[in-house]
Amino acid sequence: TCALAVQALATPGVATRDDNLVDIAPTEWFDLVRGRTVVYRIGPDVWAYESYPRSGRLVSIQLADGTCMDGTWDHVDGAYCFAWENREYSCFRHARDGANILIIPVVDGVQSGTIQTVSDITDAAVGCGNGLVS
């Protein structure tokens, strides 16, 4: 969930209607992802794999191009914010739209950028440096 990479992509995002979105509380999100890997897509394409340990606020991500980053996350003003090593701080709203989980980039409290969808939450580890996990 690197904001710069998301904003640079030309792929159109998923259309959303805010009245249908239900924000995911931090306790619910961490219950979903604790010790697991989240698969994010933009349109039909995998954008990234993000792995959360069983405890704490650490996170690792592998982008589709193989770039790997480690960082920390927190919940600030309704958004999940990520501080990546040597990268820009980025924030995202995590919300449900029916059965779909949307990851919506937020800049200064305003939606900005391409929306990602969560296509899977798996027990597979992030495969940094050696290609993507299957």
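Residues numbered from 1 in each chain as written. Predicted model: local features only at pLDDT ≥ 70, side-chain atom pairs only at ≥ 80, totals over all residues. Heavy atoms only, no water.

## Topic: the nonpolar core
One broad trend across soluble globular proteins is that nonpolar side chains are buried collectively. Membership of the largest hydrophobic core comes to 23 residues, with the highest contact counts inside it found for Trp-29, Val-38, Tyr-40, Tyr-52, Phe-82 and Val-118. For this core, the secondary-structure elements that each account for two or more residues are α2 (26–33), β2 (37–42), β3 (45–51), β4 (58–63), β5 (68–76), β6 (79–84), β8 (100–107) and β10 (116–122). Of all hydrophobic cores here, the second largest spans five residues; its members include Leu-21, Leu-102, Ile-104 and Ile-115. (Core = buried A, V, L, I, M, F, W, Y, C linked by side-chain atoms within 4.5 Å. Buried < 20%, exposed > 50% of the residue type's maximum accessible area, 1.4 Å probe, protein only. Helix = DSSP H or I, 4+ residues; strand = E, 2+ residues; numbered from the N terminus.)

## Some thoughts on the pattern of salt bridges
Opposite charge on two side chains makes pairing possible when the charged atoms of those side chains draw close. Taken as a whole, this structure holds four salt bridges when the rule is applied. Put simply, Arg-93 and Asp-23 hold a salt bridge, and the shortest N to O gap is 2.5 Å. Taken together, the residues span a long stretch of sequence, with Arg-93 in strand β7 (residues 90–97) and Asp-23 in strand β1 (residues 21–23) at a distance of 70 residues. According to the relative accessible area criterion, Asp-23 is partly exposed, its value standing at 44%. (Salt bridge = Lys/Arg side-chain N within 4 Å of Asp/Glu carboxyl O.)

## Here's the deal with the environment of Ile-24
Relative to the elements of secondary structure, Ile-24 occurs in the loop between β1 and α2. Residues Ile-24 and Ala-95 lie 71 residues apart in sequence; the distance between their C-alpha atoms is 5.3 Å. Setting aside chain neighbours within four positions, we find Ile-24 in contact with Trp-29, Tyr-80, His-94, Ala-95, Arg-96 and Ile-101. (Contact = heavy atoms within 4.5 Å.)

## Observations concerning the pairing of β2
Counting buried positions over the six residues of β2 gives five, a clear majority of the element. Here six bridges tie β2 to β3, and the two strands are oriented antiparallel to one another. Bridge pairing in β3 links Thr-37 to Ser-51. Here β2 hands over to β3 after two residues, with Gly-43 in that stretch at a positive phi of 65°. Two strands pair when backbone bridges link them, and β2 and β10 are joined in this way by five bridges, in the antiparallel orientation. Counted as the bridge partner of Val-38 is Ile-121 from β10. (Pairing = 2+ DSSP bridges.)

## Quick notes on the side chain of Thr-37
Inspection of the secondary structure puts Thr-37 in strand β2. On the accessibility criterion, Thr-37 (1% relative accessible area) is buried. In terms of polar contacts, Thr-37 uses its side chain to reach the backbone carbonyl oxygen of Ala-124, at 2.6 Å. Residues contacting Thr-37, with those up to four places away along its chain left out, are Tyr-49, Glu-50, Ser-51, Asp-120, Ile-121, Thr-122, Ala-124, Ala-125 and Val-126. (Polar contact = N/O pair within 3.5 Å; in protein donor to acceptor, adjacent residues only side chain to side chain.)

## A word on unusual backbone geometry
The phi angle at Asp-77 is positive, at roughly 50°, despite the residue not being glycine. Tracing the chain through its elements places Asp-77 in the loop between β5 and β6. With relative accessibility at 80%, the residue Asp-77 sits in the exposed group.

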